[in-house]
Amino acid sequence: MNLKQRYNLWKVKRSTSPRGVFKRGLQKKLETVWNDRYVTKSYWFQARIFKFTAVSMIAVLLAGSFGTGAYAYYSPEVTEGSVLYPVKSSIEKLEEKTKRNPEAQAKFYLKQIQRREAEKKKLKEKNKIVENLDIQIEKIGDKLEQVNTKLQNQELKDKQLKPQIEQRLQERKKILEEKQTRFESKKQEMEQRTQERAQRELQNRERNRVN
Amino acid sequence: MDKSAKSLFEKMYTTQVDKIYRFVFFRVGNNKEAAEDLTSEVFLRALEYFDSYDSTKSQSAWLMTIAKNCLVDYYKKQKHNVSLEAAMADDEDSNKVDRLLFAVAKENFAKAGFNLEIMEKLATLSENDREIVTFHYLYGYSYLEIAQMREMSETAVKVAAHRALKKIVK
């Protein structure tokens, strides 16, 4: 092949090259098709930094909520009117539902009464009203009494439970008796006052008639 | 598919697009639009089957196979070359298809007003020699690429090309 023929072939080769626009266009098209076919779309929530942040935040939140819940549940400082008190009562309600047998229920009510009493003490220290707590303790005492009737003929696993219940019920009885006595004396006082008032009124009427 | 596969495909595209285009161009009646469509088709098919491509093998040979298949499909659609269709229907003799593809290329070369003298001289060569010369001088393949496509050593291709050129000069 002589130089002229080589030159002719080179000319043909050059004139038969694809257009630059076509090559760039095809390259873009191929890139799009490649991405559609082989690249899995990554969303913002799949980014490593987001995953790390989310996991950390969830861990902090969980730790926080568990910590807060535990504090609310165990601390006597959390009393009625405080922000965490609903958390405390919710946990207690939930716990009550988990106690299926009478023995566990009795243990739970004893613990609940102790907690209410501790709260009552704290509220008294702060010179706050404790009437609501007294009502609650009474209600829990009712429940304890009901459970105790179920436990009468049962052999308990915890041997110390029965004396504890007895002691608590005795205290309750004592409180109720005191209440009853207070009520009776108040009643007597009221009746006496009424009688006195009636006598005074009678005396006034007679005095008015004489005059 | 990882990033290295993508960069391999991109590299293959940039090095092969001109050659594939020229190979196709002479076989579609020097029709630029048809050549562009077919070149696009070749690379789209290559992309589709890229996960099955063995990177240790020749890219040129793999793309050339796809290009030939695309051309065969193109001719089937066009239905203008009875002998080619007959060859395809006849058997899977790839050499026969290659010969017919060259015949079409030669015809189109003349139609386009290119210097036919060189094409006539090429036609006097054996099929193997002609392919080596056209692939190297016309389409732009290197001797190494041709050697990989034909499963020969690079030296053997160079020797064959040298002998073929001597024959043309005679």
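Worth saying up front: this structure is predicted, and the values here are computed from it rather than measured. (Residues numbered from 1 in each chain as written. Chains lettered and ligands numbered in written order. Predicted model: local features only at pLDDT ≥ 70, side-chain atom pairs only at ≥ 80, totals over all residues. Heavy atoms only, no water.)

Participant: Can you explain the overall build of chain A? Please cite residues and give values.
Facilitator: Of regular secondary structure, chain A possesses 7 helices and 0 strands. Listing every helix and strand of chain A by position from the N terminus yields α-α-α-α-α-α-α. Looking at the 211 residues of chain A, the share that counts as buried comes to 24%. Considering only intrachain contacts with a sequence separation of at least 6, the fraction spanning at least 24 residues in chain A is 55%. Carbon and sulfur atoms make up 55% of the accessible area of chain A, which amounts to about 16,300 Å² in all. (Helix = DSSP H or I, 4+ residues; strand = E, 2+ residues; numbered from the N terminus. Buried < 20%, exposed > 50% of the residue type's maximum accessible area, 1.4 Å probe, protein only. Contact = heavy atoms within 4.5 Å. Areas by Shrake-Rupley, 256 points an atom, 1.4 Å probe, with all protein chains shown as cover.)

Participant: So what's going on with the interface of chain A and chain B? Which residues, and what values?
Facilitator: On the side of chain B, 34 residues touch chain A, which itself brings 25 residues to the contact. Summed over both partners, the interface of chain A with chain B buries about 3,000 Å², with 67% contributed by carbon and sulfur atoms. For the pair chain A and chain B, the number of links is 3 salt bridges. Between Glu36(B) and Arg19(A) there is a salt bridge whose closest N-O contact spans 2.8 Å. Linking chain A with chain B are 7 residue pairs in polar contact (both at pLDDT 80 or more). Elements that contribute at least two residues to the side of chain A that touches chain B include exactly helix H1 (3-15) and helix H2 (20-38) of chain A. The leading source of residues in the side of chain A that touches chain B is H2(A), at 12 residues. Its residues assigned to classes, the side of chain A that touches chain B comprises 10 nonpolar, 8 polar and 7 charged. (Buried area = accessible area lost by both parts, 1.4 Å probe. Salt bridge = Lys/Arg side-chain N within 4 Å of Asp/Glu carboxyl O. Polar contact = N/O pair within 3.5 Å; in protein donor to acceptor, adjacent residues only side chain to side chain. Nonpolar A, V, L, I, M, F, W, Y, C, P; charged D, E, K, R; others polar.)

Participant: Provide a residue-level description of the packing of helix H1 (residues 3-25) of chain B against helix H7 (residues 127-139) of chain B, including the pertinent values.
Facilitator: All names here are of chain B. At a minimum axis distance of 10 Å, the contact between H1 and H7 shows a crossing angle of 120°. Along this stretch, H1 crosses H7, giving a crossing that reads as right-handed. Here Lys19, Arg22 and Phe23 of H1 lie close against H7, whose contacting residues are Phe135, Leu138 and Tyr139. Residues that form the contact of H1 with H7 fall into these classes: 4 nonpolar, no polar and 2 charged. (Axes fitted to C-alpha atoms, helices over the stretch in contact; angles between N-to-C directions. Left-handed = near helix turned anticlockwise from the far one by under 90°.)

Participant: Please give an account of the nonpolar core that cites residues and values.
Facilitator: Core analysis: the biggest nonpolar cluster contains 56 residues, and Ile20(B) and Phe50(B) have the highest contact counts within it. Those elements that provide at least two residues to this core are H1 and H2 of chain A together with H1, helix H2 (32-48), helix H3 (59-78), H7, helix H8 (143-150) and helix H9 (154-169) of chain B. The biggest single contributor to this core is H1(B), with 10 residues. If you look at the next biggest cluster of nonpolar residues, it comprises 14 residues, including Leu110(A), Ile137(A), Leu144(A) and Ile165(A). (Core = buried A, V, L, I, M, F, W, Y, C linked by side-chain atoms within 4.5 Å.)

Participant: Let's hear about the packing of aromatic side chains: which residues, and what values?
Facilitator: Applying the stated rule across the entire model yields 16 aromatic pairs over all chains. Ring geometry for Phe50(B) and Tyr53(B): centres 5.6 Å apart, planes at 20°, overall stacked. Three or more aromatic residues joined by ring pairs make a cluster, and in this case those are Trp34(A), Tyr38(A), Phe9(B), Phe50(B), Tyr53(B) and Trp62(B). (Phe/Tyr/Trp six-rings, centres within 6.5 Å; stacked < 30°, edge-to-face > 60°.)

Participant: Before we move on, could you go through the confidence of the model for chain A and cite the residues and values that matter?
Facilitator: With 95% of its residues at a pLDDT of at least 70, chain A reaches an overall mean of 84. Model confidence for chain A, summarised as mean pLDDT per element, is weakest for H1(A) at 75 and strongest for helix H7 (residues 161-210) of chain A at 90. (pLDDT = per-residue confidence, 0-100.)

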